[in-house]
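# Architecture and fold: a report
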Amino acid sequence: MDINWYGLSCFRITERNKTTVLTDPYSTALGIEPAGTTKTDVVTMSHDAPGHSSMDLIKGDPYILRTPGEYEIGGTFITGIALHYVDAAVERYNVGYLINYDGLTVFHAGDLGFVPEQSVVEGLGEVNVLLLPVGGGNSLSAGQASDVVALIEPAYIVPMHYAIPGLNSDLEDVEKFLKVMGVSNVQQEDTLKVSSSNLPEQPQVILLEPGLQ
């Protein structure tokens, strides 16, 4: 399985001869734009916002997933999980997506803004790759993101939704999250290649280079 990052919460997840998934496509008005093709079979949208549900990047006529539920598309199982933030003053809709390629799993947490309960985490099962917001704003702070990692215990942690050059936002840099996680020499890749036969024994933080124009 190959995972490429286009900035913010937008990833392209592919496996040979399997369904291609694009997550949280953003508006190019935010100042960044992916290089290369964004053709895909499925688009997941965690919530309705310019940074997560724009059609600017979409080519063709893919399936669009916006709500919780269980889906099977082209032999790939995708589960949308309600992770809405609700308190006395604020309600924010958010759907995380668990993508299962024959037992190899990726969990995209969307715009997660709180540390979920243990029962929610247990319902995910084993997560091989965790795509996690770490830049603050309406989503997790660096400290909260670290707590979520400790609960889920994935093989790979890929930070997302943080400040990068050209992006019009007030998000924080990824370095704060890395410091909280105690990572001083982080591995950086253009593409994360994941194999069920070669998963690390200890969780690894991987920084993906955004594939941008």
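Scroll up to find the structure this text is about.
Small disclaimer: the values here were computed from a predicted structure and weren't measured.

Quick notes on the rules
- Residues numbered from 1 in each chain as written.
- Predicted model: local features only at pLDDT ≥ 70, side-chain atom pairs only at ≥ 80, totals over all residues.
- Heavy atoms only, no water.
- Salt bridge = Lys/Arg side-chain N within 4 Å of Asp/Glu carboxyl O.
- Helix = DSSP H or I, 4+ residues; strand = E, 2+ residues; numbered from the N terminus.
- Buried < 20%, exposed > 50% of the residue type's maximum accessible area, 1.4 Å probe, protein only.
- 1 Å grid on protein atoms, 1.4 Å probe; cavity = no way out; pocket = protein on both sides within 12 Å on 5 of 7 lines; lining within 4 Å.
- Points joined across faces, edges and corners; volume = space filled by probe spheres on them.
- Nonpolar A, V, L, I, M, F, W, Y, C, P; charged D, E, K, R; others polar.

## Describing the pattern of salt bridges
Tallied over the entire structure, the rule returns 3 salt bridges. Residue D2 is joined to K193 by a salt bridge in which the shortest nitrogen-to-oxygen separation is 3.3 Å. A residue pair is termed long-range when its members are at least 10 positions apart, and D2 in strand β1 (residues 2-5) and K193 in strand β15 (residues 192-193) qualify at 191 residues. One salt bridge connects K18 with D102, and the closest N-O pair in it is separated by 2.8 Å. In this pair, K18 is assigned in the loop between β2 (11-14) and β3 (21-23) and D102 in the loop between β10 (95-101) and β11 (104-108), connecting sequence segments 84 residues apart. Residue classification places D102 among the exposed positions, given a relative accessible area of 60%.

## Here's the deal with the layout of surface pockets
Empty space left among the atoms is revealed by rolling a probe the size of a water molecule over them. If you add up the space inside the largest pocket, you get close to 280 Å³. Lining the largest pocket we find 16 residues, and of these L8, A49, G51, H52 and H161 sit closest to its centre. When its residues are assigned to classes, the lining of the largest pocket shows 6 nonpolar, 8 polar and 2 charged.

## Describing unusual backbone geometry
The residue L8 is not glycine, and still its phi comes out positive at about 50 degrees. Of note, L8 is situated in the loop between β1 and β2. For D24, which is not glycine, the phi torsion reads 40 degrees and is therefore positive. Along the chain, D24 falls in the loop between β3 and β4 (42-44).

The quantities given are spatial measurements derived from coordinates; they are silent on function.
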